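Survey of secondary and tertiary structure
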Amino acid sequence: MNIVLIGYRGTGKSVISKMLADIIHCQRYCLDDEVAKKAGKSISEIVKQQGWENFREIEREVVERVSSEARSSIIDCGGGVILDDRNVTDLKRNGKVALLTSSFEKIIERISRDSSRPRLEGLLSFEEEQQKVLREREPKYRDAADCVFETTFLKPRQISIKIIEYFKKKD
């Protein structure tokens, strides 16, 4: 069984996925890295040159491939992977989906330092954009999730241990 991490930007998916893979000694797939590798350019470049729609098409192909080849792995998904129901279906076929959540204030604190993240909605202020997109995606995250882990106040290692303990109980 794969452990699939989903959630909005800044909830800790990348850091926690690395830690989980280290702790349980398994392969980790970062879907954003896989998309960049397939496209031969960064996500920012893909979005700038070809738009979000093209990024989502590449992401879809990557999800299909990774979800069919990954076994007993950690899969770290980009924040918008849940926008395509086929992605969720594929990821759940051989995995359990863990939703990482955090307070809006903590998300802003974490992602405002990263200028490499492409804008999602161009006409809004940074905080308005994050609020709008998070509000739109929240129901899809909840629908896709098998379990939820709050990351606002815990360190990545603490969350990783909680995730491992949760899935050990489910075996």
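Rules used in this analysis
Along each chain, residue indices are assigned from 1 in the same order as the chain's sequence is written. Selection of residues for local features in this predicted model requires a pLDDT of at least 70, selection of side-chain atom pairs for listing and counting requires 80 or more, and totals for whole chains, interfaces and linings are taken over all residues. Only hydrogens and water are set aside when side-chain values are computed; all heavy atoms of the structure are taken into account. Centres within 6.5 Å are what make two rings of Phe, Tyr or Trp a pair, Trp counting through its six-membered ring; a difference in plane orientation under 30 degrees is then read as stacked, over 60 as edge-to-face, and the rest as tilted. Numbering of helices and strands runs from the N terminus, with a helix taken as a DSSP run of H or I at least four residues long and a strand as a DSSP run of E at least two residues long. Any pair of residues with heavy atoms lying within 4.5 Å of one another is described as a contacting pair. Working definition of a nonpolar core: buried Ala, Val, Leu, Ile, Met, Phe, Trp, Tyr and Cys residues. They are joined through side-chain atoms within 4.5 Å. Burial here depends on accessible area, computed with a 1.4 Å probe over protein chains only, as a share of the maximum for the residue type. Under 20% is buried, over 50% is exposed, and the range in between is partly exposed. Two distance rules govern patches: like charges are joined within 9 Å, and nonpolar side chains (Val, Leu, Ile, Met, Phe, Trp, Tyr) within 5 Å, applied only to residues with over 30% relative accessible area and no salt bridge. Areas reported here follow the Shrake-Rupley algorithm with a probe of radius 1.4 Å; residue values treat only the protein chains shown as occluding. Salt bridge, as applied in this entry: a Lys or Arg side-chain nitrogen positioned within 4 Å of an Asp or Glu carboxyl oxygen. Counted as positive: Lys and Arg. Counted as negative: Asp and Glu. His and the chain ends are not counted at all. Charge positions are represented by NZ for Lys, CZ for Arg, CG for Asp and CD for Glu.

How two aromatic rings sit relative to each other is set out by the distance from centre to centre and by the angle between their planes. All chains considered together, the criterion is met by 3 aromatic pairs. A centroid spacing of 5.4 Å and a plane angle of 90° characterise the contact between tryptophan 52 and phenylalanine 55, whose relative ring orientation is edge-to-face. Of the two residues, tryptophan 52 and phenylalanine 55 both sit in helix H3 (residues 43-69), 3 residues apart, roughly one turn of that helix. The rings of Phe149, Tyr166 and Phe167 are connected pair by pair, giving a single aromatic cluster.

What follows deals with the environment of cysteine 77. Structurally, the position occupied by cysteine 77 is in the loop between strand E3 (74-76) and helix H4 (85-93). For cysteine 77 and tyrosine 8, which are 69 residues apart along the polypeptide, the C-alpha to C-alpha distance reads 9.6 Å. Non-local contacts of cysteine 77, meaning those with residues more than four positions away in its chain, are made with Val4, Leu5, Ile6, Lys13, Leu31 and Leu91.

Right, let's talk about the nonpolar core for a bit. As a rule of thumb, nonpolar side chains are buried together in soluble globular proteins. By size, the foremost hydrophobic cluster in this structure holds 32 residues, and its most contacted members are Ile6, Leu31, Ile75, Cys77 and Val81. Of all the elements in the fold, those that place two or more residues in this core are strand E1 (2-6), helix H2 (31-39), H3, H4, strand E4 (95-101), helix H5 (104-111) and helix H6 (126-144). Considering each element in turn, this core owes the most residues, 8 residues, to H3. Residue contacts for valine 81: discarding those within four places in its chain leaves Ile6, Leu31, Arg56, Glu59, Val63, Asn87 and Leu91. Among the nonpolar cores identified, the runner-up in size contains 14 residues, and Ile3, Ile16, Ile74 and Phe149 belong to it.

In this section: a positive patch on the surface. The grouping of Lys96, Lys162, Lys169 and Lys170 at the surface amounts to a positive patch. The element that contributes the greatest number of residues to the positive patch is helix H7 (residues 156-170), accounting for 3 residues. Its place among the elements puts lysine 170 in helix H7.

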